Amino acid sequence: MKKPFDGHSYGDASAKTAIIMMHGFGANSADLIGLAHEIDPNKQFAWYFPNAPFPLMWSGSFAWFPSDTAKQEQAINGDYFDKLDELYDPGIEQSLLLLKKIISDFHHQNWVFAGFSQGSMMALRLALEPEIQAKALILFSCALFGRPILQELLKNKEDRFPILQSHGTYDQVLTIDSALRLKNFLTESGHQVTWYSFNGGHEIDSGALSLAKQILAKLSADLLP
């Protein structure tokens, strides 16, 4: 019997390929379920939507980091996220443990990691962990963060996997410049990045969903015996 986790699931629990989709700062596990219905209407994959481990001041809202309540208030009202390139928080490590437990508890052959905003940052960190083997990475509204740690992880990570990165050109939360820095960072490390920008803000548009659907369809075809 599969062990429960704090969140929602969708699709075929016995599928060979599973996707962990991570919500943004201040949201919860229900926030992105609708994306799975659009990307995978025939339920070909197993989808997991976990809650981040750190509750915020509003009911039903969570964060992947920071773990400290004072820093959470700074993130909500101040400039906590202004220096993302150098950002590190111990909450990231706790969040990684939560995500790795899902991987160990649900025995799928292939894993894809995806997320929006702060959730996409966690998807990236998880995919680069030494013991994790990602088949693809889907980053909706991500930005370069914690560069020194990412550089160290990439230095010791031989696996390369396709990456979809989408971003709104008018995003005022995570700027398009920060997203382009991430794209260049990943490309220079040898990853194949499908870049998609659109006239929008901090959001996921229909074009990004179509590309996500394509990358999963190609993955399925590539994994056929």
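Q: What is the right way to look at the nonpolar core in this model?
A: Core analysis: the biggest nonpolar cluster contains 47 residues, and Ile-20, Met-22, Trp-111, Phe-113, Leu-124, Leu-137 and Leu-139 have the highest contact counts within it. Looking at this core, the elements that each hand over two or more residues are strand 2 (17–22), strand 3 (46–50), helix 3 (90–105), strand 6 (110–116), helix 4 (118–128), strand 7 (134–140), helix 5 (147–155) and helix 6 (176–188). It is helix 4 that contributes the most residues to this core, 7 residues altogether. Non-local contacts of Trp-111, meaning those with residues more than four positions away in its chain, are made with Ala-18, Ile-20, Tyr-48, Ile-102, Ile-103, Phe-106, Gln-133, Ala-134, Lys-135 and Ala-136.

Q: How should the packing of helix 4 against helix 5 be read in this particular structure?
A: The geometry of a pair of packed helices is captured by two quantities: the angle between their axes and the separation between those axes. The contact between helix 4 and helix 5 brings their axes to 9 Å, and the two run at 30 degrees. With respect to the hand of their crossing, helix 4 and helix 5 are arranged in left-handed fashion. When helix 4 is examined against helix 5, the residues Leu-124, Arg-125 and Leu-128 are found in contact with a partner set consisting of Ile-149, Leu-150, Leu-153 and Leu-154. Counted by class, the contact of helix 4 with helix 5 contains 6 nonpolar, no polar and 1 charged residues.

Q: Sorry if this is basic, but what is going on with the packing of aromatic side chains here?
A: The description of an aromatic ring pair uses the distance of the two centres, along with the angle that the planes make with each other. Tallied over the full model, the rule gives 10 aromatic pairs. For the pair Phe-5 and Phe-106, a centre-to-centre distance of 5.8 Å together with 85 degrees between the ring planes defines the contact as edge-to-face. Of this pair, Phe-5 sits in the segment before strand 1 (7–11) while Phe-106 sits in the loop between helix 3 and strand 6; the two residues are 101 residues apart in sequence, bridging distant segments of the chain. Taking the relative accessible area as the measure of exposure, Phe-5 reaches 22% and is therefore partly exposed. Ring plane angle 10 degrees and centroid distance 6.4 Å describe the contact between Phe-65 and Phe-145, whose orientation is recorded as stacked. Within this pair, whereas Phe-65 is found in the loop between strand 5 (62–63) and helix 2 (69–77), its partner Phe-145 is found in the loop between strand 7 and helix 5, the two being separated by 80 residues in sequence. In this pair, the class of Phe-65 matches that of Phe-145, namely buried. Among the aromatic side chains, those forming a connected cluster through ring pairs are Phe-25, Phe-65, Tyr-80, Phe-81 and Phe-145.

Rules of the game
Residues numbered from 1 in each chain as written. Predicted model: local features only at pLDDT ≥ 70, side-chain atom pairs only at ≥ 80, totals over all residues. Heavy atoms only, no water. Core = buried A, V, L, I, M, F, W, Y, C linked by side-chain atoms within 4.5 Å. Buried < 20%, exposed > 50% of the residue type's maximum accessible area, 1.4 Å probe, protein only. Helix = DSSP H or I, 4+ residues; strand = E, 2+ residues; numbered from the N terminus. Contact = heavy atoms within 4.5 Å. Axes fitted to C-alpha atoms, helices over the stretch in contact; angles between N-to-C directions. Left-handed = near helix turned anticlockwise from the far one by under 90°. Nonpolar A, V, L, I, M, F, W, Y, C, P; charged D, E, K, R; others polar. Phe/Tyr/Trp six-rings, centres within 6.5 Å; stacked < 30°, edge-to-face > 60°.

These figures capture arrangement, not role.
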